[in-house]
Amino acid sequence: MLCEFHTIDDFNKPVFFENKLKMLDNKKYGAYLLTGQSDLSGWDKDWLREVFERMKKNKETQYIFLTKRPEKIKIDNTPDNGWFGVTITSSKEKYRINELRNNIKAKHYHLTFEPMFDDVGNLDLTDISWIVIGTETGNRKNKGITKREWVENIYNQAKEKNIPVFMKEDLFGILSEEKMIQEFPKDFGGRK
């Protein structure tokens, strides 16, 4: 199971809570989502350095980072247990995949398609290790509605490349229970 690092009040202004670093030593979880309430592009380099040092001491645990702005990040050296991903919500944002690979040098890359506003079409999945798919939640006016065929398009491309796919529960209703896939990368070790 994934855990959030810390919840903050303003998504656009991340706050670093150094006293929370000890949470990363907990062996109970196989993976931690460190950007659940922030974007990696807003992190200070000193924060990253401290988190990376902690990650290197906990090599069996995986640490997940996510951004919508990979063009604002430049990281040349990441720990092998770091998973660096980008959010894509439409076909116009596919460029973010290349920005991610070009600007962050990592062993593991992942993609999150959430929410989805159109069919993303063909994807360059080179070096992608995991894909997460979800839909828009909440009650926003003019809320985007994900279509089944958009999800299936991404899933089929991932399966061709042997990439695990995790479909979020909010896709129930768009997909039948039999079509829901919730795979984790083998590096997550099967721990909860």
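The structure we're discussing is the one just above.
Residues numbered from 1 in each chain as written. Predicted model: local features only at pLDDT ≥ 70, side-chain atom pairs only at ≥ 80, totals over all residues. Heavy atoms only, no water.

1. Regarding helix α2 (residues 95–103)
1) Next: Within α2, the full set of buried residues consists of Arg96, Ile97, Leu100, Arg101 and Asn103.
2) Next: Residues of α2 that are buried in the fold lie against β4 (82–87), β5 (108–113) and β6 (128–133). (Buried < 20%, exposed > 50% of the residue type's maximum accessible area, 1.4 Å probe, protein only. Helix = DSSP H or I, 4+ residues; strand = E, 2+ residues; numbered from the N terminus. Contact = heavy atoms within 4.5 Å.)

2. Remarks on the nonpolar core
1) Next: With 43 residues, the main nonpolar core has Leu40, Val51, Phe65, Leu111, Phe113 and Ile131 as its most contacted residues.
2) Next: Listing elements by their share of this core, those giving two or more residues are α1 (45–57), β3 (62–67), β4, α2, β5, β6, α3 (148–160) and β7 (165–167).
3) Next: For this core, the leading source of residues is α1, giving 5 residues.
4) Next: For phenylalanine 113, the contacting residues outside a window of four places in its chain are Ile88, Val120, Leu123, Ile131, Val132, Ile133, Gly134 and Ile154. (Core = buried A, V, L, I, M, F, W, Y, C linked by side-chain atoms within 4.5 Å.)

3. As for the packing of aromatic side chains
1) Next: In the structure shown here, the tally under the stated rule is 11 aromatic pairs.
2) Next: Summarising the aromatic geometry, the rings of tryptophan 43 and phenylalanine 65 are spaced 5.8 Å apart at their centres and angled 80° between planes, so their arrangement reads as edge-to-face. Here tryptophan 43, found in the loop between β2 (31–33) and α1, pairs with phenylalanine 65, found in strand β3; they are 22 residues apart in sequence, far enough to count as distant.
3) Next: For phenylalanine 65, a relative accessible area of 0% translates into the label buried.
4) Next: Between phenylalanine 184 and phenylalanine 188, the aromatic rings sit 6.0 Å apart at their centres with planes inclined by 35°, giving tilted as the arrangement.
5) Next: A relative accessible area of 37% means that phenylalanine 184 is categorised as partly exposed.
6) Next: Using a relative accessible area of 4% as the deciding quantity, one classes phenylalanine 188 as buried.
7) Next: Three or more aromatic residues joined by ring pairs make a cluster, and in this case those are Trp43, Trp47, Phe52, Phe65 and Phe84. (Phe/Tyr/Trp six-rings, centres within 6.5 Å; stacked < 30°, edge-to-face > 60°.)

4. Let's talk about the pairing of β6
1) Next: Burial within β6 is extensive, with 5 of its 6 residues counted as buried.
2) Next: In the sheet, β5 pairs with β6 via 5 bridges, with the strands oriented parallel. For tyrosine 109, the partnering residue across the bridge sits in β6 and is isoleucine 128.
3) Next: In terms of strand pairing, β6 meets β7 through 3 bridges, oriented parallel. In the strand pairing of β7, isoleucine 133 is matched with methionine 167. (Pairing = 2+ DSSP bridges.)

Nothing here speaks to function; it is all geometry.
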